[in-house]
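# A closer look at the structure
Residues per chain are reported as follows:
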Amino acid sequence: EKRIREGAGLVMLGGYHGLGPGGYAETPLSRILPVTLGSREVGQVTDPFLPELTPEGVRHPIFANIAEFFPTKNGPAKTAGLPPLDGCTRLEGTVPTAIVLATCPMTENQMPVLAVHSVDRGRTAVFCGDTTRGWQQGPRALGQDSPFLRFWGQMVRWLAGRQGEVETTAG
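Structure report, in brief. (Residues numbered from 1 in each chain as written. Predicted model: local features only at pLDDT ≥ 70, side-chain atom pairs only at ≥ 80, totals over all residues. Heavy atoms only, no water.)

With that settled, the discussion passes to the side chain of T89. Note that T89 resides in strand β5 (residues 87–89). Among the polar contacts made by the side chain of T89, one reaches the side chain of Q44 at a distance of 3.3 Å. (Helix = DSSP H or I, 4+ residues; strand = E, 2+ residues; numbered from the N terminus. Polar contact = N/O pair within 3.5 Å; in protein donor to acceptor, adjacent residues only side chain to side chain.)

Right, let's talk about the sheet that holds strand β1 (residues 9–13) for a bit. As summarised here, the arrangement of the five strands in space is β1-β9-β8-β7-β4, forming an open sheet in which the pairing is mixed. In this open sheet, the two strands that pair with only one neighbour each are β1 and β4 (52–53). Relative to strand β7 (residues 99–103), β4 runs antiparallel, the two sharing two bridges. Residue pairing for β7: L53 is matched across the bridge by A102. (Pairing = 2+ DSSP bridges.)

Oppositely charged side chains can pair when the atoms bearing their charge come close. Per the stated rule, a full pass over the model turns up five salt bridges. Of the charged contacts, one joins E6 and K2 as a salt bridge, the two residues approaching to 3.3 Å between their closest N and O atoms. By relative accessible area, E6 is classed as partly exposed at 36%. Ionic pairing is found between K73 and E52, a salt bridge with its closest N-O pair at 3.6 Å. Highlighted residues: K73 in the loop between α2 (55–59) and β5 and E52 in strand β4, separated in sequence by 21 residues. (Salt bridge = Lys/Arg side-chain N within 4 Å of Asp/Glu carboxyl O. Buried < 20%, exposed > 50% of the residue type's maximum accessible area, 1.4 Å probe, protein only.)

Any functional reading would require information beyond the geometric quantities listed.
Below you can see the structure in the form of structure tokens.
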């Protein structure tokens, strides 16, 4: 927690043993996250879906040059073919300073799938999707562009407080 407040970045990922189900709601990390994790019994969304970008998500540096792969409230993805996530870890809610970038359209209240916020001089993000590997494998198998490397590269750069182009080929 101290390191994040001093300027580091942190991303927490969902999973059957992550976030609330992993007991993290009872740790100091929960105080610096953009979401309320919920209890160990908060559960999972098990239906496949594509995250729906919020207006903030469309404009955020994490989705720079890849927003067209994702649906929004205004309509479907402009670039079709991105495989859905297999589901996500449920979250209880967001904290007042959170910026929700993407939501799960399979939930009543449009639960966040990706939320971020600043904590003193640092930044945190929670991504509860299961899993993004299809975003790389599916489109590549069809000879199509994939947002996978840009998504993760841009997230890491944003968390580190850096902007810039992202390498789009795996090394």
